[in-house]
Each structure stands twice: as structure tokens, then as C-alpha cells.
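One letter stands for each residue in the lines below.
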Amino acid sequence: MVAQAREAARLSQERNSFVEANNRLVAVNSQLIAQGRQQNEKWKAFANDLVKKHDEYAVLAKRLVDENEAALFAELDLKRAAMRQLTEEKARSAEKDASIARLQIELAEARATLAATKDALDYERRNR
């Protein structure tokens, strides 16, 4: 009987040790699960922040690209306007050059006529 009582006491102590160890494992597991959840929440917040920053960057990049594109188109329009103005100025200059050439020809003809008239008058004066 004493042996059975000792064996029962030993088994009871062993059972208590297992229950105690199991309770410690449950506590550690609960703590690990809680820490894991906290870490997941931190990573989730971090990932959401990254997505938000990326979205803000994408909006900013799109705005900058649109502004740059608008500036390039405006510059292109200015260059085209300047080229049209230059072409018009060249055409006016060519017309003026043609007018000057005609006037020079007319002046040369008038001088020739004047010189011929002067020579004719000089000839008549000498021959009188």
C-alpha cells in the first residue's frame, strides 16, 4: 500500500509537472502569437505607408510629366511662331530686295538718259 501511495504521489507530482509545463507553453505560445500579431500590424502599417507614398509619388510624377510636356509644347509653339515670323520677314526682305534692284535699274536708266541728254546738249552748244 505504501508503495502504491508513493507511486500515486509520484504520478500526481509528474502530472502536476506536465500541467505546469503545459501552462507555461500555453503562456509562451500566447505571448508569441500576440507578438506575431503586433509585428504583422507593424508590417501592414509599413506596407500601407509605402503604398501611400508610392501613390503620392505617382501623382507628383504624373503632374511633373504633364507640366514638362505642356512646357515642351509651348516651346514648340513658340518656335513654330518664330519660324513663321522669320519666313514672313524673309519674304518681305526678298520683296524689298527686288524693289531695290528695280529702282537701281531705273536709276541707272535715268542716269544713262540724263548722261545722253547732257551729251546731246553739250554737242549742240559746241556746234552752234
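Residues numbered from 1 in each chain as written. Predicted model: local features only at pLDDT ≥ 70, side-chain atom pairs only at ≥ 80, totals over all residues. Heavy atoms only, no water.

Help me get a handle on the overall build of the chain, residues and values and all.
Scanning the chain from N- to C-terminus turns up 1 helix and 0 strands. In terms of C-alpha radius of gyration, the chain reaches 54 Å, well past the compact-globule figure of 14 Å for 128 residues. With the C-alpha coordinates aligned to their principal axes, the bounding extent of the chain is approximately 185 × 15 × 10 Å. Within the chain, the proportion of its 128 residues that are buried is 0%. Here the chain has roughly 11900 Å² of accessible surface; of this, 59% comes from carbon and sulfur atoms. (Helix = DSSP H or I, 4+ residues; strand = E, 2+ residues; numbered from the N terminus. Rg over C-alpha atoms; globule rule 2.2 N^0.38 Å. Buried < 20%, exposed > 50% of the residue type's maximum accessible area, 1.4 Å probe, protein only. Areas by Shrake-Rupley, 256 points an atom, 1.4 Å probe, with all protein chains shown as cover.)

How would you sum up the pattern of salt bridges? Please name residues and give values.
Enumeration over the complete set of coordinates arrives at 7 salt bridges. The closest approach of N and O atoms between Glu89 and Arg92, which form a salt bridge, is 2.4 Å. Of this pair, Glu89 and Arg92 both sit in helix α1 (residues 2–126), separated by 3 residues, roughly a single helical turn. By relative accessible area, Glu89 is classed as partly exposed at 39%. (Salt bridge = Lys/Arg side-chain N within 4 Å of Asp/Glu carboxyl O.)

An account of a nonpolar patch on the surface is requested, with residue identities and associated values reported.
Taken together, the side chains of Trp43, Phe46 and Leu50 define a hydrophobic patch exposed on the protein surface, amounting to about 340 Å² of accessible area. One can find Phe46 in helix α1. What makes Phe46 partly exposed here is its relative accessible area of 44%. (Patch = residues over 30% accessible without salt bridge, like charges linked within 9 Å, V, L, I, M, F, W, Y side chains within 5 Å.)

An account of the environment of Gly36 is requested, with residue identities and associated values reported.
By the element assignment, Gly36 lies in helix α1. Looking at Gly36, the relative accessible area reads 29%, which means it is partly exposed. A sequence separation of 34 residues divides Gly36 from Ala70, and the C-alpha atoms of the two residues are 50 Å apart.

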